[in-house]
Amino acid sequence: EMPNRKRLAFFTKDPIEWTGDYEMAAFYKTLIELRKRNPALAGDATYKRILIPNNTAVFAYMRESGTARGFVVLNLSHHAQHFAIPDSLPTGSWTNVFTGEKKQLSDCKYELMPWGYDVYH
């Protein structure tokens, strides 16, 4: 994915320069590979919103299909967010798809940087 770093002019010809590094390629490759191998991300998987104490800034949800599961937590603000993930998540070890770090998420203290995100399976 090539980023466009300039504001586009409307109603006039404004070409986009598609040159440079593909900065987001690894990010999208990781997500695409996860979607292919994890049935919890299929269209027929169940969706459940996870209520976090600060629901105005933090959005979290879980997807499940059989024994496969995925958990996403997003900081939708320009402030760091500190919170505990409720014990409504299934117990067990979760793996961060971007870092490979394994974590017990239920009732853990959690921090997300501004506009941060974590994706677990």
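Remember, predicted model here, so these are calculated numbers, not experimental data.

Trainee: Provide a residue-level description of the overall build of the protein, including the pertinent values.
Mentor: Each helix and strand in the protein was counted, giving 1 helix and 8 strands. Counting helices and strands in the order they occur from the N terminus, the protein gives α-β-β-β-β-β-β-β-β. Rg of the C-alpha trace for the protein: 17 Å, well past the compact-globule value of 14 Å for 121 residues, more than 25% over. Its C-alpha atoms put the protein at 55 × 35 × 25 Å along the principal axes. Out of the 121 residues belonging to the protein, those deemed buried represent 30%. For the protein, restricting intrachain contacts to residue pairs at least 6 apart in sequence, the fraction spanning at least 24 positions comes to 46%.

Trainee: Quick one: what's the story with the sheet that holds strand β8 (residues 117-120), residue by residue and with numbers?
Mentor: With antiparallel pairing, 4 strands are arranged side by side in an open sheet as β1-β2-β3-β8. Only two strands of the sheet have a single partner each, and these edge strands are β1 (46-50) and β8. Neighbouring strand axes in the sheet, compared pairwise and without regard to direction, differ in orientation by 15° on average. Of the pairings in the sheet, the one linking β1 to strand β2 (residues 58-65) comprises 5 bridges and is antiparallel in character.

Trainee: So what about the pattern of salt bridges? Which residues, and what values?
Mentor: If charged atoms from side chains of opposite charge come close, those side chains can pair. Inspection of every chain in the model, using the stated rule, returns 1 salt bridge. The closest approach of N and O atoms between lysine 6 and aspartate 14, which form a salt bridge, is 2.7 Å. Classification of lysine 6 as partly exposed rests on a relative accessible area of 39%.

Reading the values: rules and limits
Residues numbered from 1 in each chain as written. Predicted model: local features only at pLDDT ≥ 70, side-chain atom pairs only at ≥ 80, totals over all residues. Heavy atoms only, no water. Helix = DSSP H or I, 4+ residues; strand = E, 2+ residues; numbered from the N terminus. Rg over C-alpha atoms; globule rule 2.2 N^0.38 Å. Buried < 20%, exposed > 50% of the residue type's maximum accessible area, 1.4 Å probe, protein only. Contact = heavy atoms within 4.5 Å. Pairing = 2+ DSSP bridges. Axes fitted to C-alpha atoms, helices over the stretch in contact; angles between N-to-C directions. Salt bridge = Lys/Arg side-chain N within 4 Å of Asp/Glu carboxyl O.

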